[in-house]
Amino acid sequence: MATLDKELLLLILQYLGEEKYKETVHRLESESGCYFNMLYFEELVTQGKWDEMEKYLFGFTKIEDNQQSMKIFFEIRKHKYLEALDKRDHAKAVDILRKDLRFYAPFSEGLFKEMALLLTLDDFRENPKLSMYKKDTESERGVLFRDLEKLIKDNPLFRDKLEFPAIKTSRLRTLINHSLNWQHKLCKNARPKPEFETLFVDHICNQPIAARAASPAISHPNIAAEVLSPHGPASGAIIPDAPSAPVRRRRSASSSAGSAILMGPQTPSGHMENQTADSNNPLKRPRPCETSQEVGNILPVSYSGHPHGHNTLSPDDLPKVVATTLPQGSPVTSMEFHPFQQILLLVGTIGGDVFLWDVGARKKISEKCFDVWKLDACSKELQESLNTDKTASVNHVAWSPDGTLFGVAYSKNIVHIYSFCRDNAVISHLEIEAHRGSVNHLAFSYPNEQLYVVTCGDDRLIKVWDAATGATRFTFEGHEAPVFSVCPHQKENIQFVFSAATDGKVRTWLYDELGARGTYDAPGHSLIRMAYSSDGTRLFSCGTNKEGESFLVEWDESEGSIQRTYDGLGQRAAGIVQFDTTKNRFLAAGDESSIKIWDMNNTNILTNIHADGGLPASPCVRFNREGILLAVSTSDNGVKILATDDGFRLLRTAENRSLAFKVPGGGGFGSSSANAGITMADQSTSFSATKKNEVRTLADGKPRTSNFSTEVSTSWKVTEITEPSQCYSLRLPDNVTVKKVSRLIYTNSGSGVLALASNAEHKLWKWQNSDPNLDGKATANAAHPVLWKPKSGIMMINETSDKNPEEAIPCLALSNNDAYLVSASGGEISLFNMATFKCMATCMPPPPAATFLAFHPSENNIIGIGFEDSSIQIYNLRTSEVGAILKGHRNRITGLAFSLALNILVSSGADSQLCVWGMAGWEQRSSMYLKASKGRSMPAASDTRVQFHHNEIHLLVVNETQIAIYDAQKLDCLKLWFRWEATSPITSGTYSGDSQSIFVSSEDGTVYVFTASNLRLRCRINPTAYLPSDPSSRVYPLVIAAHPSESNQFGVGLSNGHVYALEPSESEGTWGTSPPGSTDNFKSFA
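Residues numbered from 1 in each chain as written. Predicted model: local features only at pLDDT ≥ 70, side-chain atom pairs only at ≥ 80, totals over all residues. Heavy atoms only, no water.

## What to know about the overall build of the protein
- The helix and strand tally for the protein stands at 12 helices and 59 strands.
- Looking at the protein as a whole, 59% of its 1086 residues qualify as buried.
- Within the protein, residue pairs in contact and separated by at least 24 positions form 56% of the contacts whose partners lie at least 6 positions apart.
- Working note: accessible area of the protein is about 43,800 Å², and carbon and sulfur atoms make up 50% of it. (Helix = DSSP H or I, 4+ residues; strand = E, 2+ residues; numbered from the N terminus. Buried < 20%, exposed > 50% of the residue type's maximum accessible area, 1.4 Å probe, protein only. Contact = heavy atoms within 4.5 Å. Areas by Shrake-Rupley, 256 points an atom, 1.4 Å probe, with all protein chains shown as cover.)

## Some remarks on the UniProt feature "repeat: WD" (unreviewed entry) in the protein
- Cross-referencing UniProt, the feature "repeat: WD" (unreviewed entry) maps to residues 432-475, 577-608 and 886-917 in the present numbering.
- In residues 886-917, helix accounts for 0% and strand for 59%; the two terminal C-alpha atoms are 8 Å from one another. (UniProt positions renumbered as here; feature names shortened; annotations may be inferred.)

## Focus: the nonpolar core
- Among the nonpolar cores identified, the biggest contains 39 residues, and Phe36, Phe41, Leu57, Ile72, Ile76, Tyr81 and Leu82 are the most heavily contacted of them.
- Ranked by the residues each element gives to this core, the list is headed by helix H5 (residues 67-86), at 9 residues.
- Residues within four places of Ile72 in sequence aside, it is in contact with Leu57, Leu148, Leu151, Ile152, Asn155 and Phe158. (Core = buried A, V, L, I, M, F, W, Y, C linked by side-chain atoms within 4.5 Å.)

## Things to note about a nonpolar patch on the surface
- The grouping of Leu199, Phe200 and Val201 at the surface amounts to a nonpolar patch, some 380 Å² of accessible area in total.
- Position of Val201 relative to the elements: it lies in the loop between helix H9 (171-185) and strand E1 (275-276). (Patch = residues over 30% accessible without salt bridge, like charges linked within 9 Å, V, L, I, M, F, W, Y side chains within 5 Å. Salt bridge = Lys/Arg side-chain N within 4 Å of Asp/Glu carboxyl O.)

## A look at the sheet that holds strand E13 (residues 462-466)
- Here 4 strands make up an open sheet; going across it, the order is E11-E12-E13-E14 and the pairing antiparallel. One side of each edge strand has no neighbouring strand; the edge strands of this open sheet are strand E11 (439-445) and strand E14 (472-476). Going across the sheet, the axis of each strand differs from the next one's by a mean of 20°, ignoring polarity. (Pairing = 2+ DSSP bridges. Axes fitted to C-alpha atoms, helices over the stretch in contact; angles between N-to-C directions.)

## Some details on unusual backbone geometry
- At the junction of Pro846 and Pro847, the peptide bond is cis and its omega measures out at -5° in the coordinates.
- Relative to the helices and strands, Pro847 resides in the loop between strand E40 (839-843) and strand E41 (850-856).
- Looking along the chain, the bond that leaves Pro847 and enters Pro848 is cis, with omega of -5°.
- Note on placement: Pro848 falls in the loop between E40 and E41.
- A positive phi is found at Glu592, a non-glycine position, where the angle reads about 55°.
- Structurally, the position occupied by Glu592 is in the loop between strand E24 (586-591) and strand E25 (594-599).

## Side note on the packing of aromatic side chains
- Considering all chains together, one arrives at 30 aromatic pairs under this definition.
- Note on Phe474 and Phe476: the rings are 6.3 Å apart at their centroids and 25° apart in plane angle, and the pair reads as stacked.
- According to the relative accessible area criterion, Phe474 is buried, its value standing at 17%.
- Its relative accessible area of 2% is what places Phe476 among the buried residues.
- Through a chain of ring-to-ring contacts, the aromatic side chains of Phe36, Tyr40, Phe41, Tyr56, Phe60 and Phe158 assemble into a single cluster.
- Sitting above the plane of the Phe484 ring, Arg529 keeps its charged end 4.8 Å from the centroid. (Phe/Tyr/Trp six-rings, centres within 6.5 Å; stacked < 30°, edge-to-face > 60°. Lys NZ or Arg CZ within 6 Å of the ring centre and 35° of its normal.)

## Focus on the packing of helix H3 (residues 38-47) against helix H8 (residues 137-154)
- Where H3 meets H8, the axes come as close as 9 Å, and the angle between the chain directions of the two elements is 145°. Relative to H8, H3 is oriented so that their crossing is right-handed. Residues Met38, Phe41, Glu42, Val45, Thr46 and Gln47 of H3 form the contact with H8, whose participating residues are Arg141, Leu144, Phe145, Leu148, Glu149 and Ile152.
- A class-by-class count of the residues in the contact of H3 with H8 yields 7 nonpolar, 2 polar and 3 charged. (Left-handed = near helix turned anticlockwise from the far one by under 90°. Nonpolar A, V, L, I, M, F, W, Y, C, P; charged D, E, K, R; others polar.)

## Points about the pairing of strand E54 (residues 997-1002)
- Counting buried positions along E54 gives 6 out of 6 residues, so the element sits mostly inside the fold.
- The side-chain alternation of E54 yields two buried faces, one formed by Ser997, Phe999 and Ser1001 and the other by Ile998, Val1000 and Ser1002.
- Pairing of strand E53 (residues 986-991) with E54, which is carried by 5 bridges, proceeds in the antiparallel orientation. What sits directly across from Tyr991, in E54, is Ile998.
- The loop that links E53 with its antiparallel partner E54 comprises 5 residues; one of these, Ser995, has a positive phi angle of about 65°.
- Across 5 bridges, E54 lies against strand E55 (residues 1007-1011) in antiparallel orientation. Along E55, the bridge assignment pairs Phe999 with Val1009.
- The antiparallel hairpin formed by E54 and E55 contains 4 residues in its connecting segment, where Gly1005 sits at a positive phi of about 90°.

## Things to note about the packing of H3 against helix H4 (residues 50-57)
- Direction vectors running N to C along H3 and H4 enclose 155°, while the axes themselves pass 8 Å from each other. Taken together, the axes of H3 and H4 lie roughly antiparallel to each other. Helix-helix and strand crossings are classified by hand; for H3 and H4 the assignment is left-handed. On H4, the residues touching Tyr40, Phe41, Leu44 and Val45 of H3 are Glu52, Met53, Tyr56 and Leu57.
- When grouped by side-chain class, the residues that make up the contact of H3 with H4 number 7 nonpolar, no polar and 1 charged. (Parallel < 35°, antiparallel > 145°, perpendicular 65-115°, else oblique.)

## As for helix H6 (residues 90-99)
- The set of residues buried in H6 consists of Ala93, Ile96 and Leu97. Around the axis of H6, the buried residues are gathered within 100° of arc, so they sit on the same side. Turned more than 90 degrees from where H6 packs its buried face, Ala91 and Lys99 sit exposed.
- Buried residues belonging to H6 abut H5 and helix H7 (109-117). (Arc of directions from axis to C-beta.)

## Let's talk about the pattern of salt bridges
- The full count for this structure, using the stated rule, is 37 salt bridges.
- The partner of Glu1003 in a salt bridge is Arg1034, and the shortest N-O contact between them spans 3.0 Å. Placement of Glu1003 in the loop between E54 and E55 and of Arg1034 in the loop between strand E56 (1016-1021) and strand E57 (1037-1042) is noted, with a sequence separation of 31 residues between them.
- Members of the salt-bridge network, linked through shared partners, are Lys20, Lys505 and Asp521.

## Comments concerning the state of the cysteines
- The tally for this structure, following the rule as stated, stands at 0 disulfides.
- Free cysteine: Cys839, not disulfide-bonded; nearest cysteine sulfur from Cys843 at 9.5 Å.
- The exposure class of Cys839 is buried, given its relative accessible area of 1%. (Disulfide = S-S within 2.5 Å.)

Listed below in structure tokens is the structure:
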């Protein structure tokens, strides 16, 4: 048999085995003769299935093939004969002797006669040769199997047939997916979301009825032909072996990458947040020290002296200290922090109560008990159940991705959906009788830009509901036991759902009615819940089986197999272990009255957190988004909140301010804004309002304040920072230079600052771990950074064009784990290794020159590139392929911002134009131009920058004339603030690390701090507070960047090449206080 034919048969055997076609598997094993299943053969021997045993053997050998084969069949027939004699079944014994054993008479007449004489004995054990034969049939069959096993292994005909090759799970499915991917890639009319209807013929996407005009060819890498699995092909299934376009190398000696092609880090999926210098979006960056896999031979880099390839997190970064305890009244069953307001905790209890807590203020915002809203609309079965017992417990609570809704799954048929609105109001939104019996789990998903609720229950079904109307969209059938949990997810354009049942079966589904795409076994056939790491790249599950064994594992998505099993979970008599993930680095499970922590990359327990005791055997655990708070249930029906140092600062800050939550669009769920527009006069709280007021100088050196005039509808005090003693400011050490700082960003870990000067040179400052700065984070107080360079002394310098580099428009973007930098200064785009400063490769030589760079939020090999010719390209660093060319602007591109929540890209141009592009097919959805204030016109050309709020819905737009907040989905202006005509132009602006503030710099050196919720000024930092006095020179900030986790720290890059880090003084803690009205919802601008 040819090798490939044999391997194909083995793959078919694997597939049949996974699908539980047991009889077919063994028949094919025998008929093909490619694999002898010793375990199955042992089963036949143990059960005494003599005829089936011989029939199975005949697929591999015949009696007369060799001496070993003859001996194998003789031992089987002899044993069958002896068992018949032992049972006194002489008729059967005679039949065996005549039909089966007579074959051996010609070879040994004496042996045959001796066996015939056994018929004359009352007990064949009277024959001395058989005196040791046991009367225990099971034991004798065990002896027989061991003899047969030895004979089979010695038989050359069984060589290479006794070991099944090591093949990853569902290999045949994976190969079919590879084939479908290639077929789709070769389609002339490839669609972003293909429909694979059959395997019998090659796949072809039909030409659309209304074909678009000629446009750039768009490939769809890893479209994951989800006919058989939600995961699609293994990584790189349709990526060519070599780039389709030439990749140019840096010509300088510093590039020792040799022949390495241009590659980027492996793309994480899900809500992975990326940083670009141009947007200065600290909240669009990943949390500190997130990890990601790398492609090719490019390895991750770390800071603060940690070993190469590891991030800077340690167990000390975990919440361990109890900050407060919240009483719940009955045992806690489920908890979840708000996705953006990280001090809001949703708690469900066994008593059927749902509590919403403001953890910072230690107060209960809302309390809901189990109560059917419309009893007469319920099924008769549920009505009868409620007449008997009106109570129900909460099985699960969950927030929607944008935090405007939350869902509650009850133990009796019902799911409740609530709207979380302005003024922290909780309003009943939907009541759904979702399942017959208990609703065991629910989750929100966002396929095709439609918000859904996915539920599962004791009726063995998974159902998908429209979150706006409550209508049923899909019903998934196929489980043979109650469904315990669901886990929806998205990879590229593929949306799918995992479901886990109480029989330990895990299935995968697409949003259609075509049935399960794959079935897998949970480890130990346990009841599990599944969760992705926060960057969406790694899948974990945790659960407990009927024997009390618990399993915490990482899955290999591409194969549906277990990649890693974590040690240390204990045996339990009752209950199911619960778990959570945080910071893309740690796993936490509630076990043995403690919280056990693992590093995701190590199977051994990292540490135990006991939370001062009082925890149940299997406590419920839940981190907030940043991993600085940890909620854990207690034995006395409470919840303990554990915090890191940053967590304590967050709680203290929350205590001192009113909680402000913004509902996108202002109205309830699914409704458009009904708020009246504000007039231009309402926007008069600008520089003019502050400059007209008197500034009083205080002798005690505390912050100066000025009162707004009565022209403003609501008065408040604006904090004035005018003296160096009123804040911490630190000039980062540098050689003397006169080159201006063009771009500035913090590293994602928060331990460094990276600047790009106008001469195309990069500079990196890093803070080291020290006694006053144990975490090694960037700070303007207590510790000083160093201007870091590798031992080789190599500098990161961009290639430039022939024209003056001072005239070029620089741009850069930093990878998620701070490992790689993509940068340009009028010349080619360079890819730098941040550990060695070596340029790995270059691409995209001008013209046109790149003017803006941004990483795709879920594809770290994909970048968005804005060009000076007004075009935008979606470019794959790994394959050097252009995935799409976007045209719709009329001037050079000045900003790009991605939103996974809305699945859009927003771009801005030098002519103040904004465009919205759908990421599914890269089509243009809408476009608009910024409005000028009354009596004025917009500049002919100026930088307009865009940056998403932490919720990825609200968009900050910064222009030299204005700052504005938009609803990105509709491009509706929610808040608008104009610069006063007599004041200096705005140079830069950015959200703070928590999106609660906006930092804005201007050409007169002043930095303004606004409350993000209403664009009201609360603090003004004069240049005299942080710049040395030098009347002979005009120095001002060109760019401003916010620290990713310290919400009050920012850095400024100056026109003289210097970089400063600023923080408020310890006495104040923040940049001023929020003005009245900071809790107002966004209003649309008329």
